[in-house]
Amino acid sequence: MTWKSVFLMIVVAIVSQLVRGCRLREEGCSTTITCCGDLACDKGPGAAWGFCRSSGSSAIAAPSKSDSSSRSQSSSIPIFVSSSLPDALCSKEEFITAVTSAGGFGVTPSDEQYRNFVARAVNGQITTKRELAMFLANVIHESAGLTTKEEWGPPAPGTYPNTVGVPGKNYHGRGYIQLTWDYNYKNASMALYGDLRLLNDPDQVKSNDMISWDTAFWYWSAHVHGAAGVQEGNFGTTIMKINGGIECGSSASNPTGARKRLQMYQDVLKAFGLFVSEAQCSNACDCVILTFAAGSQSGGKANGNPALKPAPIANGCSQTYTIKSGESFWLIGKNNGMMVDQLLTLNPSVGDTNKIQSGQSICIRA
């Protein structure tokens, strides 16, 4: 077989897969994102996302913090980097600028940290740039600018009572959002991987960068993403859900922590091109900051012409798209750096994606 024949076969296979909208081996999948051919979506119980793999060949290994209101066999987890992920929500340059400017830590994140941040974001159900900025601001605060993935000390054994974990193991804060308490390790492990690997070997939450991001995004998805006010831009709600018992309220032991998070959020908004003006909130734990629409800019030049200054938004759809003849929901998502599930979240009235029509208007940015 000549190299030309091989090349043609590859091109035909890729085009066929793109037309069908399915995912290749080790690419992400969900209930609505299907796998190509005889591949199956391998995801643990309760997990929203998984990876396309041959049936029966799961790569998931066998089973081997803050306060309760907020806060291994891992080598088999593949590095998942795909152009189908919502990396358009944050470029590498924006990520670096955000991490180095927010909080004054000034340490440049690694390529691995950016790749994992983008690749594992599907576990957080984040579909807007503003929510991603909220998440990253909290992560920067919790991890001292991505420089630590373990609670400082660490605390002495017995600091966090062990009731469902492995005897002798300590379940103090680890990872980018400081996963804490044995039951959180258990719940995260089951939701993400379908086994108890994090309960059996909690140290991998700090030693494996992908797992550090996985657990942070899991916590956000389970406890923050759906909280009242978050989707409307209330950054204060995210503080309440992550460390409210310590940083919020009249009896807070660390009230300055909330203010620091709020300032970091504003720094991340600036790095992401979403910043409008300084926050005017008297209570950092209940604070909505207006932002520009994702992807817009407040000044400068665009293609040689002055860029228009868009109206600030706090909620609702900031950008719509008119469907053209022959376009599929999958193709529209691909062209806009989104997955089908993310588009559906923005357009709950669509229902059956196979019945969209030319001329129909949909939301592509919150």
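Residues numbered from 1 in each chain as written. Predicted model: local features only at pLDDT ≥ 70, side-chain atom pairs only at ≥ 80, totals over all residues. Heavy atoms only, no water.

Peer 1: Explain the side chain of S189 residue by residue, including any values.
Peer 2: With respect to the element layout, S189 can be found in helix α5 (residues 182-193). Owing to a relative accessible area of 0%, S189 belongs among the buried residues under this scheme. Within the structure, S189 has its side chain in polar contact with the backbone oxygen of D195 (distance 2.6 Å). (Helix = DSSP H or I, 4+ residues; strand = E, 2+ residues; numbered from the N terminus. Buried < 20%, exposed > 50% of the residue type's maximum accessible area, 1.4 Å probe, protein only. Polar contact = N/O pair within 3.5 Å; in protein donor to acceptor, adjacent residues only side chain to side chain.)

Peer 1: Could you give me a rundown of the pattern of salt bridges, with the residues and numbers involved?
Peer 2: Scanning the model with the defined rule gives ten salt bridges in all. For D214, the salt bridge is made with R120, and the minimal N-O distance between the two is 2.8 Å. In this pair, D214 is assigned in helix α8 (residues 209-224) and R120 in the loop between α3 (111-119) and α4 (129-142), connecting sequence segments 94 residues apart. The same class applies to D214 and to R120, which are both buried. Across the salt bridge formed by K270 and E278, the nearest N and O atoms sit 3.6 Å from each other. Overall, K270 belongs to the partly exposed group, its relative accessible area being 40%. Overlapping salt bridges, with partners in common, bring together E142, E247 and R261 in one network. (Salt bridge = Lys/Arg side-chain N within 4 Å of Asp/Glu carboxyl O.)

Peer 1: Kindly report on α3, identifying the contributing residues and their values.
Peer 2: Burial in α3 covers these residues: Q113, Y114, N116, F117, V118 and A119. Residues of α3 that are buried sit in contact with α2 (92-101), α4 and α8. (Contact = heavy atoms within 4.5 Å.)

Peer 1: Outline the state of the cysteines, listing residues and values.
Peer 2: The tally for this structure, following the rule as stated, stands at two disulfides. Bridging C248 to C285, the disulfide has an S-S length of 1.9 Å. The sign of the -80 degrees torsion about the S-S bond sets the C248-C285 disulfide as left-handed. Note that C248 is positioned in the loop between α9 (235-247) and α10 (255-271) and C285 in the loop between α10 and β4 (301-302), a separation of 37 residues in sequence. On the basis of relative accessibility, which here comes to 11%, the residue C285 falls in the buried class. Across a sulfur-sulfur distance of 1.9 Å, C281 and C287 are joined as a disulfide pair. Taking the torsion about the S-S bond as the criterion, the C281 to C287 disulfide, at about 70 degrees, is right-handed. (Disulfide = S-S within 2.5 Å.)

Peer 1: Would you mind going over the nonpolar core in detail, with residue names and values included?
Peer 2: One recurring pattern in soluble globular proteins is that nonpolar side chains are buried together. Formed by 61 residues in total, the largest nonpolar core has its most connected members in F95, F117, F135, W213, V268 and F272. The set of elements that each furnish at least two residues to this core consists of α2, α3, α4, α5, α6 (197-200), α8, α9 and α10. I332, V340, V350 and I364 belong to the second-largest nonpolar core, a separate cluster that totals 14 residues. (Core = buried A, V, L, I, M, F, W, Y, C linked by side-chain atoms within 4.5 Å.)

Peer 1: Can you lay out unusual backbone geometry for me, pointing to particular residues and giving the numbers?
Peer 2: A cis amide bond links G153 to the next residue, P154, at an omega of -25 degrees. On the secondary structure map, P154 appears in the loop between α4 and α5. With a phi angle near 55 degrees, A144 is a residue other than glycine that sits in the positive phi range. Note on placement: A144 falls in the loop between α4 and α5. Not every positive phi belongs to a glycine, and Q178 is a case in point at roughly 55 degrees. Mapped onto the elements of the fold, Q178 is located in the loop between α4 and α5. Assessed through its relative accessible area of 6%, Q178 is described here as buried.

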